[in-house]
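# Structural overview
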Amino acid sequence: MRKSFIALFVAIFAPFFKNYELFAQKSWEFGLSGGSAVYQGETNPSYFSLETFNAFNPEGGLLLRYNMSSELSLEANLHYGTLSGNDKDADTNDRRTRNLSFKTDIITFGVQANYNLFGFQPFLLEEPFSPYIFVGVEGFHFNPKAEYNGQWHELQPLGTEGQGMSGRANKYSLNQLAIPFGFGFRYAVTDRWAIGFEAGLRKTFTDYIDDVGGTYVKSSDLAAKNGQLAATLANRTGEVGTFIDYRTGSQRGGRNDDDWYAFTGLTISHIIYDDRLMTGMRRSHTNRKGCPAWKRKKSLF
């Protein structure tokens, strides 16, 4: 009885408030995402090329959103996927001759702010659809590997560009930061469930997601200091033609071009409202679809 009275009170007096969102603006969303992951770097220089199709890999994740208002949401997310690239797919002879490749699992944890361009208010399906843009910060862990003689070998410990040798850089960290940004849309199927689509780029601050970023070390010198496996996986030209024994300092990767990666996929989320008043109102309108009878109303004053 008490909850029914509250719902009736809100229904009668809501139009006199300046914004109906006073009662229906905050909620939580718990959800899943799934789609594809792709990287851009030395072994896949462009997102927009035929070879990129071979670089797409599956990824999935979890998300938690707090809808502060119809315009702004804060989100935390966790993703797991795979990134890869292969010079054999290249459209240039230089890269096919270089013959480098890699694969890495990637685990990310990020926070981002989503701005809903049309406003998103799933409560009573008041504003059930909106595109949005987002930006945030993300930490990620990766570990590039290359296949050789039927086995996958971790590349970072080998120092394939002479990392750890005298006069060369230290080994790069496998834990890095990225700046995610992109766009998406959400649609509230009911006021408890929403589906969506999101596509986002990640600007990183490392050139070694693919273990390629600097210059060659002469094979005999690299083998003497970092081991024969490091030399073998650093220069694989002999596997597709005549072995080219590059001198130390010859360019192996890009010049100060950090790697990027992207996630694209679908989302599904369950909505939980954090206001008892809204919950009481909702129970009399459970799972309403289509155009709701209650709309946001302007102040009469």
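Residues numbered from 1 in each chain as written. Predicted model: local features only at pLDDT ≥ 70, side-chain atom pairs only at ≥ 80, totals over all residues. Heavy atoms only, no water.

### Describing the overall build of the protein chain
For the protein chain, the count of helices and strands is six helices and ten strands. A total of 301 residues make up the protein chain; the buried ones form 48% of that total. If you sum the accessible surface of the protein chain, you get close to 15,100 Å²; carbon and sulfur atoms cover 61% of it. (Helix = DSSP H or I, 4+ residues; strand = E, 2+ residues; numbered from the N terminus. Buried < 20%, exposed > 50% of the residue type's maximum accessible area, 1.4 Å probe, protein only. Areas by Shrake-Rupley, 256 points an atom, 1.4 Å probe, with all protein chains shown as cover.)

### Some details on empty space enclosed by the protein
Throughout the structure, instances matching the rule amount to two cavities of 30 Å³ or more. Considered as a void within the structure, the largest cavity measures approximately 120 Å³ in volume. Secondary structure elements with two or more residues in the lining of the largest cavity: strand 2 (57–67), strand 3 (72–86), strand 9 (193–204) and strand 10 (260–273). What the second largest cavity holds in volume is close to 70 Å³. (1 Å grid on protein atoms, 1.4 Å probe; cavity = no way out; pocket = protein on both sides within 12 Å on 5 of 7 lines; lining within 4 Å. Points joined across faces, edges and corners; volume = space filled by probe spheres on them.)

### What to know about the nonpolar core
Within the largest apolar cluster, 14 residues are counted, with the highest numbers of intra-cluster contacts made by Tyr39, Leu83, Phe140, Phe142, Ile209 and Tyr261. Contributing elements (two or more residues each) for this core: strand 1 (27–40), strand 4 (101–116), strand 5 (129–142) and strand 10. When near neighbours in sequence (up to four residues on either side) are disregarded, isoleucine 209 contacts Tyr39, Leu83, Phe102, Thr104, Phe140, Phe142, Pro144, Thr204, Asp259 and Tyr261. Counting ten residues, the second-largest nonpolar core is a separate cluster that includes Leu155, Leu158, Leu233 and Ala234. (Core = buried A, V, L, I, M, F, W, Y, C linked by side-chain atoms within 4.5 Å. Contact = heavy atoms within 4.5 Å.)

### Let's talk about the side chain of threonine 108
With respect to the helices and strands, the residue threonine 108 is situated in strand 4. Owing to a relative accessible area of 1%, threonine 108 belongs among the buried residues under this scheme. In contact with threonine 108, not counting residues within four places along its chain, are Asn77, Leu78, His79, Glu138, Gly139, Phe140, Tyr261 and Phe263.

### Focus on the packing of aromatic side chains
Applying the stated criterion to the full structure yields 14 aromatic pairs. Aromatic pair phenylalanine 140 and tyrosine 261: ring centres 5.3 Å apart, planes at 70°, arrangement edge-to-face. Of this pair, phenylalanine 140 sits in strand 5 while tyrosine 261 sits in strand 10, and the two are 121 residues apart along the sequence. Owing to a relative accessible area of 0%, tyrosine 261 belongs among the buried residues under this scheme. When the ring of phenylalanine 181 is compared with that of tryptophan 260, the centres are 6.1 Å apart and the planes differ by 80°; the resulting orientation is edge-to-face. Placement of phenylalanine 181 in strand 8 (residues 175–188) and of tryptophan 260 in strand 10 is noted, with a sequence separation of 79 residues between them. Relative accessible area serves as the criterion here: at 23%, tryptophan 260 is assigned to the partly exposed category. The side chain of lysine 103 reaches across the aromatic face of tryptophan 152, ending 4.2 Å from its centre. (Phe/Tyr/Trp six-rings, centres within 6.5 Å; stacked < 30°, edge-to-face > 60°. Lys NZ or Arg CZ within 6 Å of the ring centre and 35° of its normal.)

### Quick notes on the confidence of the model for the protein chain
For the protein chain, the average pLDDT comes to 87, and 82% of its residues sit at 70 or higher. Counted against residues more than four places away or in other chains, residues 16–23, with its pLDDT under 50, gives 25 contacts. Per-residue pLDDT stays below 50 along residues 290–301; that stretch engages in 28 contacts with residues further than four places along the chain or on separate chains. (pLDDT = per-residue confidence, 0-100.)

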